[in-house]
Amino acid sequence: RDRPTTFLRVNIPEFSVELWKHGELARKHKVVVGNNNWEEDHRRKIVGYLNRTQIFEAVITSIVLNPYWRVPKRIKTFELDEALLENPDFYERNRYEIETSATGDESVRQMPGEANALGRVKINFPNPHAIFMHDTPQKPLFEKVFRAFSHGCMRLHNPLEMAEFLLHDDQEISSERFLEILDSFEETPMVLKKPMPIYVEYNVTTVDEDGKAHFLADIYKYDNSYFKKEMPAVNQFELEAFKEGELVPFDGGAVRVRQP
C-alpha cells in the first residue's frame, strides 16, 4: 500500500516481472532467474548458492540499448577460459575483446549484437548484488515452466517491448527512433528522467487477477529457512583454509597447496 503509483515487481518463484501503473497491471513478462547450484569461488574465498537472485529493492536509473557484456571474473575464469582451452578461436568467434588495465589486469567484454549474452537491452538498477535485467539469445528457456538458469541476473522475455514501453513513457521516444538506435548496434545508455522503483520479492503463494490462488515451487528452499527461524537465509559461507597438498582450481588450471 505504501508503494508509488508506478513500479516493477519481480516474484522470483513465479519467474515473472510485472509493471504496475496507477494501480493497474500494465505489463507482465516472463523472466529467467538465478540457479540454485552450489558453487565455489576460490578468488573471493566463498562457497554457497552464489547464483541465487537476491531479494532487494532498487531504482531503475537507465536502459542500455545494444549493451556490451563486461564479463565477471568468476565467469571468465571458470567458463570462458575453459572454453578457450578447447577452442583457441572461442573469443574471436563469439566477439569477445580483451582489455588490459594500466596495472596489467585483464578484463573481457563481448561486443554488442544478436549473440551478445545480454541481448539487445540491459535495464540497470544499481544494487549491492550487481544484479540487473537483460535480454538473452537463449530464447527457448522462456518456453520452460521452471526458469532458474542464470548466474543471478534476470533475463527478460520480450525485452524490446518492455524497453520501448518504459522509454516512450519516460522520454516520449518514438518507435522509429527506438528502432534506429537498435539498428546502429552501438551501445546507447538512456538515463531515465523519472527513475522507477523495482521490487525483487520471493512469494511462493500468489493470487492472480481473477482471485485464484497459486502455490509455487520453493526453488531456493526459503520456506525451510523460515521455519527454522533462519531468515534472511544465508546464501554463502567462507571457504575453509586449504590443506597441505590439496589440489585447488587457480587461474583456469589447478595448483597444489604447499607451505611457503
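Before any of the text, the structure's been laid out above.
First things first, this report covers the structure right here in the doc. Every chain begins its residue count from 1, and numbering advances along the sequence as written. In keeping with the model being predicted, local features are shown solely for residues with a pLDDT of at least 70 and side-chain atom pairs are shown and tallied solely at 80 or more, while totals for entire chains, interfaces and linings include all residues. Processing note: side-chain calculations cover all non-hydrogen atoms of the structure and skip hydrogens and water entirely.

Quick look at the overall build of the chain
As a reminder of what qualifies: In DSSP terms, a helix is any run of H or I states spanning at least four residues, a strand is any run of E spanning at least two, and both are numbered starting from the N terminus. Here the globule rule is a power law, 2.2 Å times the number of residues to the power 0.38, and the radius of gyration is based on C-alpha atoms. Under the convention used here, a 1.4 Å probe and the Shrake-Rupley method define accessible areas, while residue burial counts only the protein chains that appear. Note on charges: Lys and Arg go in the positive column, Asp and Glu in the negative column, and His and the chain ends are not counted at all. To locate a charge, take NZ of a lysine, CZ of an arginine, CG of an aspartate or CD of a glutamate.
Assigned secondary structure in the chain consists of 5 helices and 19 strands. For the chain, the C-alpha radius of gyration of 20 Å lies close to 18 Å, the compact-globule estimate for 260 residues. Seen through its principal axes, the chain has C-alpha atoms that stretch 65 × 50 × 30 Å. Surface accessibility of the chain: about 15,500 Å² in total, with carbon and sulfur atoms responsible for 51%. A distance of 3 Å separates the average location of the 34 positive side-chain charges in the chain from that of its 43 negative side-chain charges.

Considering the sheet that holds strand 9 (residues 106-110)
For clarity, the threshold we go by: Note on pairing: two strands pair once DSSP finds at least 2 bridges between them.
A sheet is described by the order of its strands in space; here 3 strands give the open sequence 7-9-8, paired in antiparallel fashion. Strands at the two margins of the open sheet, each flanked by one partner only, are strand 7 (69-70) and strand 8 (96-100). Here strand 8 runs beside strand 9; their pairing, made up of 5 bridges, is antiparallel. From the neighbouring strand, Tyr96 faces strand 9, where its bridge partner is Gln110.

Points about helix 4 (residues 175-184)
To keep it simple, the criterion reads: Burial here depends on accessible area, computed with a 1.4 Å probe over protein chains only, as a share of the maximum for the residue type. Under 20% is buried, over 50% is exposed, and the range in between is partly exposed. The arc in question is traced by the directions running from the helix axis to the C-beta atoms. Two residues qualify as a contact provided that any one of their heavy atoms is within 4.5 Å of a heavy atom in the partner residue.
Considered for burial, the residues of helix 4 that qualify are Phe178, Ile181 and Leu182. Viewed along the axis of helix 4, the buried residues span an arc of 100°, placing them on a single side of the element. Exposed side chains of helix 4 directed beyond 90 degrees from the buried face belong to Glu176, Glu180 and Asp183. Of the surrounding elements, those touching the buried residues of helix 4 are strand 6 (56-65), helix 3 (159-171) and strand 14 (188-201). Positive backbone phi, approximately 55°, marks Phe185, located one or two places after helix 4.

Some details on the packing of aromatic side chains
For clarity, the threshold we go by: The pairing test for Phe, Tyr and Trp rings, Trp by its six-membered ring, is centres within 6.5 Å, and the orientation test on the planes gives stacked under 30 degrees, edge-to-face over 60, and tilted for anything in between. Put simply, a charge is over a ring when the Lys NZ or the Arg CZ is close to the ring centre, within 6 Å, and near the line of the ring normal, within 35 degrees.
Tallied over the full model, the rule gives 13 aromatic pairs. Their ring planes at 55° and their centres at 4.6 Å tell us that Tyr202 and Tyr222 sit as a pair that is tilted. Taken together, the residues Tyr202 in the loop between strand 14 and strand 15 (205-207) and Tyr222 in helix 5 (residues 222-227) connect sequence positions 20 residues apart. Pair check on accessibility: Tyr202 and Tyr222 agree, each one buried. A connected cluster of aromatic rings, assembled from ring pairs, spans Trp69, Phe90, Tyr91 and Tyr96. Just above the ring of Phe7 sits the side chain of Arg3; from NZ or CZ to the centre is 5.6 Å. Just above the ring of Phe132 sits the side chain of Lys122; from NZ or CZ to the centre is 4.5 Å.

Some details on the environment of Asn235
Looking at where Asn235 falls in the secondary structure, it is placed in the loop between helix 5 and strand 17 (236-238). Beyond its immediate stretch of four places on either side in the chain, Asn235 contacts Val47, Gly48, Tyr49, Leu50, Arg52, Gln54 and Tyr222.

Focus on the nonpolar core
In plain terms, the rule: To define a nonpolar core, start from buried Ala, Val, Leu, Ile, Met, Phe, Trp, Tyr and Cys residues and group those joined through side-chain atoms within 4.5 Å.
By size, the foremost hydrophobic cluster in this structure holds 40 residues, and its most contacted members are Leu8, Val33, Ile63, Ile123, Phe125, Met133 and Ile198. Each residue touching Leu8, except ones within four places of it in the same chain, is listed here: Val17, Glu18, Leu19, Ile60, Met162, Leu166, Met196, Pro197, Ile198 and Tyr199. Membership of the second largest hydrophobic core comes to 12 residues, among which are Ala83, Tyr91, Phe132 and Cys153.

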